[in-house]
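Examining the three-dimensional arrangement
Letter by letter, the chains look like this.
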Amino acid sequence: MLNIVLFGPPGAGKGTQSVKLIEKYNLVHLSTGDILRAEVGAKTTLGLQAKAIMDAGNLVSDDIVIGMIENKLDQNKNAKGFIFDGFPRTTAQAEALDVLLNKKNSSITKMLALQVPDEELISRLLLRGKESGRADDASQEVIANRIKTYNDLTAPLIGYYRNQNKFTGINGVGSIDEIFNRLCEAIGY
Ligand code: AMP
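Criteria and thresholds
Residues numbered from 1 in each chain as written. Predicted model: local features only at pLDDT ≥ 70, side-chain atom pairs only at ≥ 80, totals over all residues. Heavy atoms only, no water. Core = buried A, V, L, I, M, F, W, Y, C linked by side-chain atoms within 4.5 Å. Buried < 20%, exposed > 50% of the residue type's maximum accessible area, 1.4 Å probe, protein only. Helix = DSSP H or I, 4+ residues; strand = E, 2+ residues; numbered from the N terminus. Contact = heavy atoms within 4.5 Å. Near = heavy atom within 4 Å. Polar contact = N/O pair within 3.5 Å; in protein donor to acceptor, adjacent residues only side chain to side chain. Nonpolar A, V, L, I, M, F, W, Y, C, P; charged D, E, K, R; others polar. Phe/Tyr/Trp six-rings, centres within 6.5 Å; stacked < 30°, edge-to-face > 60°. Expected span 1.5 Å × (residues − 1). Arc of directions from axis to C-beta. Pairing = 2+ DSSP bridges. Axes fitted to C-alpha atoms, helices over the stretch in contact; angles between N-to-C directions.

Concerning the nonpolar core
By size, the foremost hydrophobic cluster in this structure holds 31 residues, and its most contacted members are V5, I69, L73, F84, L97, M111 and Y161. Listing elements by their share of this core, those giving two or more residues are strand 1 (2–7), helix 2 (32–41), helix 3 (45–56), helix 4 (62–75), strand 3 (81–85), helix 5 (91–103), strand 4 (110–115) and helix 8 (157–163). Among all residues touching I69, those that are not within four sequence positions of it are L30, T32, F84, F87, L97 and L100. Among the nonpolar cores identified, the runner-up in size contains 22 residues, and V116, I147, L183 and I187 belong to it.

As structure tokens, this is what we get:
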């Protein structure tokens, strides 16, 4: 299996690049942000609980997102591999993912980390907020909180995957195709 953690701060381009990677490598895209937004849209109990947390730019609890990923792995038993987009975001999530994949006699192949300067992230997110109406992209304060949450809770995962010799940094500035080519080179085929 080819299991890629596509990593990076909010606005790094994970969603855009995931769409291209799943097509080229025939993988299943697992985005916890997309799953949560679908729950919010459907006004499920989980969606109603998660909405305020997401709108403030904070993280939904580890148990909830780990449970969502477990369900998706079970629903895609014959997948050739997965792109994890926006998950894991905490050390507890990364450890849980290793356990879930281990149960399937599988593991993370690589963590590819898109690197983009903060000023560029902020302008990309504000533009996305205008175009998509995503509430958590609309305000400077919420964006700043998401970047802080990334730096405090999520960036330490670089060390987690570096210790497993799985980390590769990717320059996330450039055209969509340039960045995609860098990702494919890092995957190696
Ligand atoms: P994203 O689309 O990945 O930027 O996620 C949007 C929001 O959903 C985040 O700001 C969090 O509130 C929530 N979220 C998405 N993925 C996770 C995760 N793995 N752990 C906790 N919260 C998450």
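Re the site of the ligand
In the vicinity of the ligand there are 16 residues, among which T32, R37, N58, G86 and R89 approach most closely. Contact distances for the ligand include 3.5 Å between an oxygen atom and a side-chain N or O atom of R134. Here the element with the most residues in the shell around the ligand is helix 2; it accounts for four residues. Tallied by class, residues from the shell around the ligand come to six nonpolar, five polar and five charged.

Comments concerning the packing of aromatic side chains
Enumeration over the complete set of coordinates arrives at four aromatic pairs. Aromatic side chains F82 and F84 sit 5.9 Å apart centroid to centroid with 35 degrees between the ring planes, which places their arrangement in the tilted category. The buried category is assigned to F84, whose relative accessible area is 0%. Relative to Y161, the ring of Y160 has its centre 5.1 Å away and its plane inclined at 75 degrees; by these criteria the two rings are edge-to-face. Of the two residues, Y160 and Y161, neither departs from the other in class, the shared state being buried.

Points about helix 9 (residues 176–187)
In a regular helix each residue adds 1.5 Å, so twelve residues correspond to 16 Å; helix 9 covers 17 Å between its end C-alpha atoms and thus fits that length. Residues of helix 9 that are buried: I179, F180, L183, C184, A186 and I187. One side of helix 9 holds all its buried residues, which, seen down the axis, span an arc of 160 degrees. Among the structural elements, strand 1, helix 1 (14–25), strand 4 and strand 5 (167–171) are those in contact with the buried residues of helix 9. Within two residues after helix 9, G188 carries a phi angle of roughly 100 degrees, on the positive side.

Focus on the sheet that holds strand 1
The sheet built from five strands is open, its strands ordered 2-3-1-4-5 with parallel pairing. The open sheet has two edge strands, strand 2 (28–31) and strand 5, and neither has a second partner. Across the sheet, the mean angle separating the axes of adjacent strands is 20 degrees when strand polarity is ignored. As defined by bridge partners, strand 1 adjoins strand 4 across four bridges and the pair is classed as parallel. Each residue of the ladder has a partner; that of I4, found in strand 4, is K110.

What about the side chain of Q17?
Following the sequence through the fold, Q17 ends up in helix 1. Setting aside its immediate chain neighbours within four residues, Q17 contacts L6, L114, I176, I179, F180 and L183.

Considerations on the pairing of strand 3
Each regular strand shows side chains that alternate between the opposite faces of the sheet. Of all five residues in strand 3, five are buried; the element is thus mostly enclosed. Two strands pair when backbone bridges link them, and strand 1 and strand 3 are joined in this way by five bridges, in the parallel orientation. Its bridge partner being in strand 3, V5 is matched across the sheet by F84. Two elements, strand 2 and strand 3, share four bridges in a ladder whose sense is parallel. The partner of L30 across the bridge, within strand 3, is F84.

Read these as layout, nothing more, since geometry by itself doesn't imply function.
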